[in-house]
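# Report on the structure
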Amino acid sequence: MFKNYSLKNYNSFRVNHKANFFLKIENNKSLINFLSDKKFKNEKKLIIGGGSNILFTKDYEGVILYSCIKGIHILEENDNHIKVKVGSGENWDDFVKFCVTKNWYGIENLSLIPGSVGAAPIQNIGAYGVEIKDYIYDVNGIDLKNNIKKTYSNKSCNFEYRDSIFKRELKNNFFVTEVTFVLMKNKKFTLDYSELKNINSQGLTIQNIRDKIIEIRNSKLPDPKLLANAGSFFKNPVINIKIAKKIKEKYNDFKYYQINESMVKISAAWLIEKSGWKGHKEKNIGVYNKHALVLVNYSSENGKDIKILSKKIKESVLEKFNVTLEKEVNVF
Ligand code: EPU
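Now for a look at the structure at hand. (Residues numbered from 1 in each chain as written. Predicted model: local features only at pLDDT ≥ 70, side-chain atom pairs only at ≥ 80, totals over all residues. Heavy atoms only, no water.)

Moving on, we get to the pairing of strand β10 (residues 136–143). Within β10, seven of the eight residues are buried, leaving the element largely enclosed by the surrounding structure. Summarising the sheet, β10 and strand β12 (residues 174–184) pair through seven bridges and their orientation is antiparallel. Residue pairing in the sheet places Asn140 in a bridge with Glu178 of β12. Two strands pair when backbone bridges link them, and β10 and strand β11 (residues 148–153) are joined in this way by six bridges, in the antiparallel orientation. Opposite Ile142, over in β11, you have Lys149 as the bridge partner. (Buried < 20%, exposed > 50% of the residue type's maximum accessible area, 1.4 Å probe, protein only. Helix = DSSP H or I, 4+ residues; strand = E, 2+ residues; numbered from the N terminus. Pairing = 2+ DSSP bridges.)

What surrounds the ligand is a group of 23 residues, the closest being Tyr128, Tyr161, Tyr193, Glu273 and His291. Lys220 is positioned with one of its side-chain polar atoms (N or O) 3.2 Å from an oxygen atom of the ligand. Here an oxygen atom of the ligand sits 2.9 Å away from a polar atom, N or O, in the side chain of Ser267. In isolation the ligand has 820 Å² of accessible area, and contact with the protein removes 82% of it. Of all the elements in the fold, those that place two or more residues in the shell around the ligand are α3 (206–220), β13 (228–232) and α5 (268–274). (Near = heavy atom within 4 Å. Polar contact = N/O pair within 3.5 Å; in protein donor to acceptor, adjacent residues only side chain to side chain. Areas by Shrake-Rupley, 256 points an atom, 1.4 Å probe, with all protein chains shown as cover.)

Here the focus is the environment of Leu293. Position of Leu293 among the secondary structure elements: in the loop between β18 (285–287) and β19 (294–297). By relative accessible area, Leu293 is classed as buried at 6%. Excluding its chain neighbours within four sequence positions, the residues that come into contact with Leu293 are Gly231, Ser232, Phe233, Phe234, Asn236, Ala268, Ala269 and Ile272. (Contact = heavy atoms within 4.5 Å.)

This part takes up helix α2 (residues 92–102). By the burial criterion, the buried members of α2 are Trp92, Asp93, Phe95, Val96, Cys99 and Val100. With its buried residues spanning 155 degrees around the axis, α2 presents them on a single face. In this structure, the buried side of α2 is in contact with β6 (72–77), β7 (81–87), β12 and α3. Looking one or two residues beyond α2, the residue adopting positive phi is Asn103, at roughly 60 degrees. (Arc of directions from axis to C-beta.)

A few words on the sheet that holds strand β3 (residues 45–48). Spatially, β1-β2-β5-β3 is the arrangement adopted by the four strands of the open sheet, whose pairing is mixed. Lying at the two open borders of the sheet, with one neighbouring strand each, are β1 (2–6) and β3. On average, each strand axis in the sheet is inclined to that of its neighbour by 45 degrees, with strand direction left out of account. As paired elements, strand β2 (residues 18–25) and strand β5 (residues 60–67) share six bridges and run parallel to each other. Counted as the bridge partner of Ala19 is Tyr60 from β5. (Axes fitted to C-alpha atoms, helices over the stretch in contact; angles between N-to-C directions.)

Using the criterion set out here, one finds 17 salt bridges in the structure. A salt bridge links Arg168 to Asp163; the nearest nitrogen and oxygen atoms lie 3.0 Å apart. Classification of Arg168 as partly exposed rests on a relative accessible area of 30%. On the basis of relative accessible area, Asp163 is assigned to the buried category, the value being 15%. When the shortest N-O distance is used, the salt bridge between Asp305 and Lys283 registers 3.6 Å. Of the two residues, Asp305 is situated in helix α6 (residues 303–321) and Lys283 in the loop between β17 (281–282) and β18; the sequence distance between them amounts to 22 residues. Its relative accessible area of 15% is what places Asp305 among the buried residues. By relative accessible area, Lys283 is classed as exposed at 71%. When salt bridges that share partners are traced, they join Glu160, Asp163, Arg168 and Glu169 into one network. (Salt bridge = Lys/Arg side-chain N within 4 Å of Asp/Glu carboxyl O.)

A few words now on the side chain of Glu178. Turning to its location among the elements, Glu178 is positioned in strand β12. Of the side chains with opposite charge, Lys85 lies nearest to the buried Glu178, which makes no salt bridge, at 4.4 Å. Side chain to side chain, Glu178 and Thr177 meet in a polar contact 3.1 Å long. Once residues lying within four places of it in the same chain are set aside, the contact partners of Glu178 are Asn28, Lys85, Val86, Gly87, Ser88, Val139 and Asn140. (Lys, Arg positive; Asp, Glu negative; His and termini not counted.)

What follows concerns the sheet that holds strand β16 (residues 263–266). Read across the open sheet, the three strands follow the order β14-β16-β15; overall the sheet is antiparallel. Each edge of the open sheet carries a strand with a single partner, namely β14 (238–240) and β15 (256–258). Across the sheet, the mean angle separating the axes of adjacent strands is 40 degrees when strand polarity is ignored. On top of the sheet, helix α4 (residues 241–250) reaches β14, β15 and β16; it is set at about 85 degrees to β14, its chief contact.

Moving on, we get to unusual backbone geometry. Phi at Leu112 is positive, roughly 70 degrees, even though this residue is not glycine. Checked against the element boundaries, Leu112 lands in the loop between α2 and β8 (126–127). If you check the backbone angles, Asn158 has positive phi at about 50 degrees while not being a glycine. Take Asn158: its relative accessible area is 34%, and that puts it in the partly exposed class.

Okay, here's the thing in structure tokens:
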């Protein structure tokens, strides 16, 4: 247990707030031991993964729990599928890379997403036409309210776009210890996303897909190791088609994707760009110049600055387009 611990190396925005207490969890037992320790019973608790989807705006007055649970174990295997249980503290992209070398198909489009395996189900990570919900078998963890081990089947995770039971009803009360995935052993790629449509599918390997995804991501998203950021700051809004049609009347390049009869999904990056924020810089923070959905931190130590900028962006998009942006990043 660390006291007054700097979070700078545990959040990809690299802001320098502190936690009163910080505990690295190596296995189920160490978490249960901690939870039964009366000294910390009344302390607030916050679970973090790779810290790549979080913005701290002040010191955390409580205990931060950080998973270091490792391991990739095959549970079942047949000619078509493989079931693997993975420790929540494994790095997400290391796991994807491992699956690619084994020719286990399914999650290669999710290459290079920063963060940990345990965080993947929380916000149902997704990219380039794939969402992790389609490959999760179950999520194992410990309920912090009663210290009981529990397994959530895929169905009971209530996955939605960038959302799950862990982000809603169980918010910050369920510590993920392992995630079980079912991957395919037969070649099957998801190439529907616009930038993947032109790929020549003849002789294509899983490694080719991973390389292509890495190339696309690197061309428009900043590497958090080089420029601090937390990926998309906002979700892509789902709005009524009537509002979308009104925007379309004014802007020819505006696109929307039908979700159901009355609702459409639109690009938050487009809204932010059209509101004039792309490449914006103020003090030591800003909006990335190649992707308007990504807020970047050049050198601020204080997450409040980023929160204030995000509010200004939200207000200006609302004023210009009458669309409310919802945060994707968790703000504390
Ligand atoms: N666009 C702009 N301006 C920009 C960038 C994009 O107008 O500066 C427009 C373009 O029309 C583009 C469209 O937005 O065609 C979509 O852009 P992109 O393909 O980059 O995807 P996105 O909708 O902005 C989402 C995810 C990303 C994920 C990509 C690829 C959300 C909130 N974000 O972004 O996820 O990598 O799709 O699938 O759903 C993340 O969650 O942190 C993240 C990076």
